[in-house]
Amino acid sequence: MMTGMQNHQRRSAPAPSVGIVFGLIGAILQMVVTLVVMLLVMVRWILKKNHT
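Parameters at a glance
Residues numbered from 1 in each chain as written. Predicted model: local features only at pLDDT ≥ 70, side-chain atom pairs only at ≥ 80, totals over all residues. Heavy atoms only, no water. Helix = DSSP H or I, 4+ residues; strand = E, 2+ residues; numbered from the N terminus. Buried < 20%, exposed > 50% of the residue type's maximum accessible area, 1.4 Å probe, protein only. Areas by Shrake-Rupley, 256 points an atom, 1.4 Å probe, with all protein chains shown as cover. Patch = residues over 30% accessible without salt bridge, like charges linked within 9 Å, V, L, I, M, F, W, Y side chains within 5 Å. Salt bridge = Lys/Arg side-chain N within 4 Å of Asp/Glu carboxyl O. Expected span 1.5 Å × (residues − 1).

Peer 1: What exactly am I supposed to notice about the overall build of the protein chain here?
Peer 2: For the protein chain, the helix and strand inventory stands at 2 helices and 0 strands. Burial analysis of the protein chain (52 residues in total) assigns 0% to the buried set. Counting every atom, the protein chain has about 5,200 Å² of accessible surface; 74% of that belongs to carbon and sulfur.

Okay, here's the thing in structure tokens:
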């Protein structure tokens, strides 16, 4: 009986937790924003260096 209840709980539980999904999306967005900022800073630095 207990095994049947545990199996039912495992099957009816959502696969990934919502918190984990939002954390993953937040981490990906943070990486993308960081890369964009780094690219902008590098482009400005290269353009500034070429003008002098």
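Alright, that's what it looks like, and here's the rest.
Peer 1: What am I meant to see in a nonpolar patch on the surface here?
Peer 2: Residues Val18, Val21, Phe22, Ile25 and Leu29 make up a contiguous nonpolar surface patch of about 480 Å² in total accessible area. For Ile25, the position within the fold is in helix α2 (residues 18-51). Residue class for Ile25 comes out partly exposed when judged on its relative accessible area of 41%.

Peer 1: Explain α2 to me, please; I cannot follow it from the model alone.
Peer 2: Since one α-helical turn is 3.6 residues long, residues separated by three or four positions face the same way. Between its first and last C-alpha, α2 extends 50 Å over 34 residues, near the 50 Å set by a 1.5 Å rise per residue. Judged by how many residues are buried, α2 sits mostly at the surface: 0 of 34 residues are covered.

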